[in-house]
Amino acid sequence: MTKLRIAVQKSGRLHDDSMKILNEIGISIDNGKDQLKASAKNFPLEVFYLRNGDIPQYLIDGVVDAAIIGENVLIEKGGAISIVEKLGFSSCKVSIAVPKSAKYSGVQDLEGKRIATSYPNTVKQFLEKHNINAHLHIINGSVEIAPNIGLADAIVDIVSSGSTLFKNGLKEVEVLLKSEAVLAVSPMISAKNKATLDKLQFRLQSVLLGRQSKYVLLNAPNEKLEEIMAILPGMNSPTILPLAREGWSSLHSVINKNDFWEVIDGLKKHGAEGILVCPIENMVL
Ligand SMILES: Nc1ncnc2c1ncn2[C@@H]1O[C@H](COP(=O)(O)OP(=O)(O)OP(=O)(O)O)[C@@H](O)[C@H]1O
Ligand SMILES: O=P(O)(O)OC[C@H]1O[C@H](OP(=O)(O)OP(=O)(O)O)[C@H](O)[C@@H]1O
Ligand SMILES: [Mg+2]
């Protein structure tokens, strides 16, 4: 039987969350330390542990069928790789930063300047779009140190919390792109492996939807149910069950994680009691 070949970062910021989400969709992988390839026990899948930066070429060449990879790396390397699912972790930006004391009033201030980066193609595209000529210094890591050691006037690198910029006395002045971990697919994937990928994607979607949602249970007096239902739309409509206590009901619903505290405040205001909020492992619409 042919197996779907999926690339995952060998080690680094994407590795743990990638393995976690595969585990949450019920795929268990024999992960011997230092193994570069492993098979899933209960799904037709082989995992290849690779460097993030090498993965786009493996996708283009069809060496792997799919990958969990940072969107920013796909953009940097180019090629006909499509993204089939955004995975909601490793969110970051690729930004331009300059020393805190530098005057910056717009992209024109980059004209003729030296820019250090590990993302030359992303920077070149941005500069071309704005008709700016600058000198690129391509370095592989610790990019934020470049202005302090006199190597560059500006940098382009990943920004997440902003603490690396802060520690190096830099300020973010332009956001070139926003990125998160994605499931990407090779243009060479076979029809058979595409069918397996669709199955895997379906499972991922149910986990991602579950992560965004909370299951809420509460008790409320019957005369308040309508107002409470207006706050709790649920997947379709909430489930209402009578309580042994006369004139009261138990109401069950699903809410978006982001609306959580606002919804809870509204529920309390409308007389809800005994509110329970539970995580959801999977959700299939
Ligand atoms: N500080 C951060 N916060 C959130 N996401 C990040 C951060 N830094 C990097 N990322 C995301 O995680 C991906 C992997 O980053 P990491 O630093 O582990 O690997 P790398 O050095 O780019 O790649 P390689 O595997 O080739 O060594 C990046 O491409 C980016 O999408
Ligand atoms: O805005 P922050 O939250 O500070 O994150 C940004 C930093 O994180 C990444 O570096 P990483 O720690 O992966 O080290 P690396 O340069 O060795 O890849 C990135 O290259 C930035 O330096
Ligand atoms: Mg890094």
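Thresholds, definitions, all that
- Residues numbered from 1 in each chain as written.
- Chains lettered and ligands numbered in written order.
- Predicted model: local features only at pLDDT ≥ 70, side-chain atom pairs only at ≥ 80, totals over all residues.
- Heavy atoms only, no water.
- Axes fitted to C-alpha atoms, helices over the stretch in contact; angles between N-to-C directions.
- Helix = DSSP H or I, 4+ residues; strand = E, 2+ residues; numbered from the N terminus.
- Parallel < 35°, antiparallel > 145°, perpendicular 65-115°, else oblique.
- Contact = heavy atoms within 4.5 Å.
- Nonpolar A, V, L, I, M, F, W, Y, C, P; charged D, E, K, R; others polar.
- Pairing = 2+ DSSP bridges.
- Expected span 1.5 Å × (residues − 1).
- Buried < 20%, exposed > 50% of the residue type's maximum accessible area, 1.4 Å probe, protein only.
- Near = heavy atom within 4 Å.
- Polar contact = N/O pair within 3.5 Å; in protein donor to acceptor, adjacent residues only side chain to side chain.
- Areas by Shrake-Rupley, 256 points an atom, 1.4 Å probe, with all protein chains shown as cover.
- Domains from an automatic or database assignment.
- Salt bridge = Lys/Arg side-chain N within 4 Å of Asp/Glu carboxyl O.
- Buried area = accessible area lost by both parts, 1.4 Å probe.

The next point concerns the packing of helix 1 (residues 15–24) against helix 6 (residues 191–211). Put simply, helix 1 and helix 6 touch, their axes get as near as 9 Å, and they point 105° apart. Judged by the inter-axis angle, helix 1 sits roughly perpendicular to helix 6. In this structure, helix 1 uses Lys20, Ile21 and Glu24 to contact helix 6, whose residues at the interface are Leu204, Val207, Leu208 and Arg211. Residue classes in the contact of helix 1 with helix 6 are distributed as four nonpolar, no polar and three charged.

Time to look at the sheet that holds strand 14 (residues 248–256). With respect to topology, four strands assemble into an open sheet ordered 13-14-12-15, the strand pairing being antiparallel. Each edge of the sheet is formed by a strand with only one pairing partner; in this case those strands are strand 13 (239–242) and strand 15 (273–279). Recorded for the sheet is a direction-independent mean angle of 20° between the axes of neighbouring strands. Each of strand 12 (213–221), strand 14 and strand 15 touches helix 8 (residues 260–269); the most contacted strand, strand 15, lies at about 160° to it.

Moving on to helix 6. Here helix 6 contains 21 residues, and its C-alpha end-to-end distance of 30 Å stays within 8% of the 30 Å for a straight helix at 1.5 Å per residue. For helix 6, the complete set of buried residues consists of Asn193, Thr196, Leu197, Leu200, Gln201, Leu204, Ser206, Val207, Leu208 and Gly210.

Take the site of ligand 1 next. Taken together, 15 residues lie near ligand 1, and Gln9, Arg13, Arg51, Asn52 and Asn72 sit nearest. At 2.7 Å from an oxygen atom of ligand 1 is found a main-chain nitrogen or oxygen belonging to Arg13. Between ligand 1 and the protein, one listed contact pairs an oxygen atom with a side-chain N or O atom of Asn72 at 2.6 Å. Within the complex, 77% of the 620 Å² of free accessible area of ligand 1 lies under protein. The residue makeup of the shell around ligand 1, split by class, is four nonpolar, nine polar and two charged. Each of domain 1 (4–89 + 180–210) and domain 2 (92–179) accounts for three or more of the residues forming the shell around ligand 1.

In the structure shown here, the tally under the stated rule is ten salt bridges. Note that Lys37 and Glu46 form a salt bridge whose closest N and O atoms lie 3.6 Å from each other. Using a relative accessible area of 43% as the deciding quantity, one classes Lys37 as partly exposed. With its nearest N and O atoms 3.2 Å apart, the salt bridge here joins Lys93 to Glu172. Here Lys93, found in strand 6 (residues 92–99), pairs with Glu172, found in strand 10 (residues 170–179); they are 79 residues apart in sequence, far enough to count as distant. Shared partners join several salt bridges into a network, and the residues in it are Lys20, Glu24 and Arg211.

It is worth spelling out the pairing of strand 13 at this point. Alignment of strand 13 against strand 14, held across four bridges, turns out to be antiparallel. From the neighbouring strand, Pro242 faces strand 14, where its bridge partner is Ser249. Counted between consecutive antiparallel strands, the loop separating strand 13 from strand 14 contains five residues, among which Gly247 sits at a positive phi close to 80°.

Strand order in the open sheet made by the five strands is 8-7-9-6-10, with mixed pairing throughout. Each edge of the sheet is formed by a strand with only one pairing partner; in this case those strands are strand 8 (135–138) and strand 10. For this sheet the average axis-to-axis angle between neighbouring strands, irrespective of direction, equals 25°. Here eight bridges tie strand 6 to strand 10, and the two strands are oriented antiparallel to one another. From the neighbouring strand, Ala97 faces strand 10, where its bridge partner is Glu172.

Now for the domain arrangement of the chain. For the chain, the domain assignment lists domain 1 (4–89 + 180–210), domain 2 (92–179) and domain 3 (213–279). Taking only C-alpha atoms, the centre of domain 1 and the centre of domain 2 are 30 Å apart. Taken together, the contacts link six residues of domain 1 with nine residues of domain 2. Sorting the residues of domain 1 by area buried against domain 2 places Asn72, Ile75 and Glu76 first, and these three jointly supply 80% of that buried surface.

Around ligand 2, the neighbouring residues are Arg13, Ser142, Glu144, Asp157, Ile158, Val159, Ser160, Ser161, Gly162, Ser163 and Thr164. Contact between ligand 2 and Gly162: an oxygen atom at 2.8 Å from a main-chain N or O atom of the residue. Separating an oxygen atom of ligand 2 from a side-chain N or O atom of Thr164 is a distance of 2.5 Å. Isolated, ligand 2 exposes 500 Å² of accessible area, and the fraction of that covered by the protein chains is 63%. Looking at the shell around ligand 2, the elements that each hand over two or more residues are strand 9 (154–159) and helix 5 (163–167). It is strand 9 that contributes the most residues to the shell around ligand 2, three residues altogether.

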